[in-house]
Amino acid sequence: MPAQEAAPLPTLLLLLPLFTALTILLGHKVLKGASVFLSVASAAICFAISLMLLHSENSSPVLLPFLSVGNFRLTLDALIDQQSRGMMLIVTSIGLLVHIFSLGYMKEDQGKVRFFGALSLFMFSMTGIVLAGNLVMMFIFWELVGLSSYLLIGHWFNKASAAEASKKAFLTNRIGDFGFMIGILMLFSANFGDVSFVGLKDSFASGSLHQIAATQPTFMAFAAICIFMGAVGKSAQFPLHVWLPDAMEGPTPVSALIHAATMVAAGVFMLVRCAFVIEASPDAALIIAWIGGITALMAALMATQQDDIKRVLAYSTLSQLGYMVMAVGLLAMQVGNHLHEAGPGHPAMFHLYTHAFFKAMLFLGSGAIIYACHHEQDMWKMGGLMKHMPVTFVTFAIGTASLMGVPFITSGFWSKEAILGVAFEVKGGSPLFWIGVMTAMLTAFYMTRLFIVVFLGKARTHSAQHSVEAPIIMVIPLIILAGLTVFSVPLAKLFEAMKPNHAETHMTVMVASIVALLIGVTAGFILYKGKDKDPLNIKLFANKFYFDEIYAVIVKVFQDSLAWIVAGLERLIVDGIMARLPAYLAARVGSAARILQGGHLQGYTFLLGLGVLLVIYVVVFVLPSVGH
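Residues numbered from 1 in each chain as written. Predicted model: local features only at pLDDT ≥ 70, side-chain atom pairs only at ≥ 80, totals over all residues. Heavy atoms only, no water.

In the nomenclature of an unreviewed UniProt entry, the chain is known as NADH-quinone oxidoreductase subunit L of Prosthecobacter fusiformis.

Moving on, we get to the overall build of the chain. Counting secondary structure elements, the chain contains 27 helices and two strands. Taken along the three principal axes of its C-alpha coordinates, the chain extends 115 × 65 × 55 Å. Residues classed as buried in the chain amount to 54% of the 628 residues present. Counting only contacts in the chain whose residues sit at least 6 apart along the sequence, the fraction spanning at least 24 positions is 80%. Just so you have it, the chain exposes about 26900 Å², and 70% of that area is on carbon and sulfur atoms. The centroid of the 36 positive side-chain charges in the chain is displaced by 9 Å from the centroid of its 32 negative side-chain charges. (Helix = DSSP H or I, 4+ residues; strand = E, 2+ residues; numbered from the N terminus. Buried < 20%, exposed > 50% of the residue type's maximum accessible area, 1.4 Å probe, protein only. Contact = heavy atoms within 4.5 Å. Areas by Shrake-Rupley, 256 points an atom, 1.4 Å probe, with all protein chains shown as cover. Lys, Arg positive; Asp, Glu negative; His and termini not counted. Charge placed at Lys NZ, Arg CZ, Asp CG, Glu CD.)

Residues M87 and I369 are the most contacted members of the largest nonpolar core, which totals 179 residues. Discounting residues that sit within four places of it in the chain, I369 has contacts with I309, M382, L385, M389, T392, F396, V454 and F455. (Core = buried A, V, L, I, M, F, W, Y, C linked by side-chain atoms within 4.5 Å.)

Moving on: the packing of aromatic side chains. Within this structure, the stated rule accounts for 23 aromatic pairs. Taking 6.0 Å as the distance between ring centres and 25° as the angle between the ring planes, the aromatic pair formed by F101 and Y105 counts as stacked. You can see F101 and its partner Y105 sitting in helix α3 (residues 82–105), four residues apart, about one turn around the helix. A relative accessible area of 0% places F101 in the buried class. Taking 5.6 Å as the distance between ring centres and 45° as the angle between the ring planes, the aromatic pair formed by F541 and F545 counts as tilted. For F545, a relative accessible area of 22% corresponds to the partly exposed category. Three or more aromatic residues joined by ring pairs form one cluster here, namely F393, F396, F451 and F455. Between R174 and the ring centre of F170, over which it is positioned, the NZ or CZ distance is 4.4 Å. Sitting over the ring of F197, R273 keeps its end group 5.6 Å from the ring centre. (Phe/Tyr/Trp six-rings, centres within 6.5 Å; stacked < 30°, edge-to-face > 60°. Lys NZ or Arg CZ within 6 Å of the ring centre and 35° of its normal.)

To continue, consider the packing of helix α4 (residues 112–131) against helix α12 (residues 263–273). Contact geometry for α4 and α12: axes closest at 10 Å, N-to-C directions at 15°. Accordingly, the angle class assigned to the pair α4 and α12 is roughly parallel. The element α4 and its partner α12 pack so that their crossing is left-handed. Across the interface between the two elements, F122, M126, I129 and V130 from α4 touch M263, A266, F269 and R273 from α12. (Axes fitted to C-alpha atoms, helices over the stretch in contact; angles between N-to-C directions. Parallel < 35°, antiparallel > 145°, perpendicular 65-115°, else oblique. Left-handed = near helix turned anticlockwise from the far one by under 90°.)

As a further point, take unusual backbone geometry. Cis geometry marks the peptide bond from F238 to P239, where omega comes out at 10°. Tracing the chain through its elements places P239 in the loop between α9 (217–234) and α10 (243–246). Not every positive phi belongs to a glycine, and F192 is a case in point at roughly 60°. With respect to the element layout, F192 can be found in the loop between α6 (160–190) and α7 (197–206). Of the residues examined, F192 reaches a relative accessible area of 59% and is grouped as exposed. Phi at F545 is positive, roughly 60°, even though this residue is not glycine. Relative to the helices and strands, F545 is located in the loop between α25 (539–542) and α26 (547–594).

Given below as structure tokens:
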């Protein structure tokens, strides 16, 4: 892969959102309404640059060199290849559509300028992750994405639930990021300071890391799991999944941008980028596959009992991300030590691309519904919206069909089949295959439930009865995303960006998938058609398997108890013995010595005489004995 000295387009793609964000956040009082236009224009230019890069040659240009000492290099260097070009198209296209949708959704919001400034900062952070040519650069932008999401989730910081959700997301991600950092440092030390993706891949093929993988499997497994921890936090995998549903407290455009297509997908993107690390450790690959499978099934079960329309989609995102992570682990088990060209042909990336379009459309569609229903999010207070919002109804139906995987005519079907195909082929992957099929059935069930309750039947409240179609500025992104959802596979083949190449279609896989779809849709229709309240009441699923309560107990028992012990030791040893005891002794000695300074002449004469006698005693008796 040839290196380039100058790369104006990737550099502009990286830095333009940063300068836009700084300009808006620092000069919004002067710019006023122009700040919003500046943010949208920046997103449009970034999208245009992504289109220009689609057919560019593979390269690894240095964007910003900072430090180079021996083998150690600290640079912002990009990696322009098939995977980064495809991911950048997703990030910039959906980013632009979210910017346009936000013009209508956030029109009356008092913090609109601050919101668009944070959007531009997020775009800068995501472009940095996608362009990153080494793990250090990726980690820097990884943390910036965490900061950006904190600002966007907590946009309505006066709302207690939003403030708590932003803190929860930030802190939960830090747990995973700590493991990610350890994994990077392990690879840094093992590969003599070279953590570039090109250098790491070469080292795993025939260098020092290849030898370590063969001779020290425990070290390599630990490094791979630590790298995976970064994705566990960012892509909200079990057990760090708890932040994503609460993040729905942010504005709906944020949910579409961060929690459907970009930020949560960054973990999957990173795993595919580092596929050679996982392939070097079969044990780590098996763990990763099972974590993904557990997350997919668990989140789907939770989604079946959620009443908030955005939370249903949030748990759906969790489930689909679990699919992608499962595919990463399964393919690594299949490939083993035979390295392949990781990229958009990877089943996980294929599903990431198709999922990004239809899930962003579903989130923006839910935003249009919430906007039309006067910011009502409880779907049991909706109903009959098909008549009042025909465009949203059609686009939402397209997204729902793709998410459920309606055979042959939806992009979601093909990408889901690619993952199930890998699970079916991999030795020992049969349990995960059936977990995937069960998840597909549950997906069809809870999306049928949502669709019937929201769009069909009669309006259940005044706000639903008097809802109207969203403004045209919000409808246009829905129509565009619906088109991209329908034509995503043909576009993928045109751009050679998403064609799956690791799984063949098996009749067993297809039959199981179609049967799961039919069972899920049929059960959803039978249970929810014409219902005004949920006929099911499974508290275990509704309360999210009580993970929040469990974590609250863990924090109280372990963190609070540890804090109590540390505080006690600090008061006893640090504050008491080390700090206060010397001060106390000095004060007592000073008080005793103060008696000698009473200001009485006879006292001073007595002390002088005592001193003379003491000197005579030392000279006459002590010194001669010392001399002998």
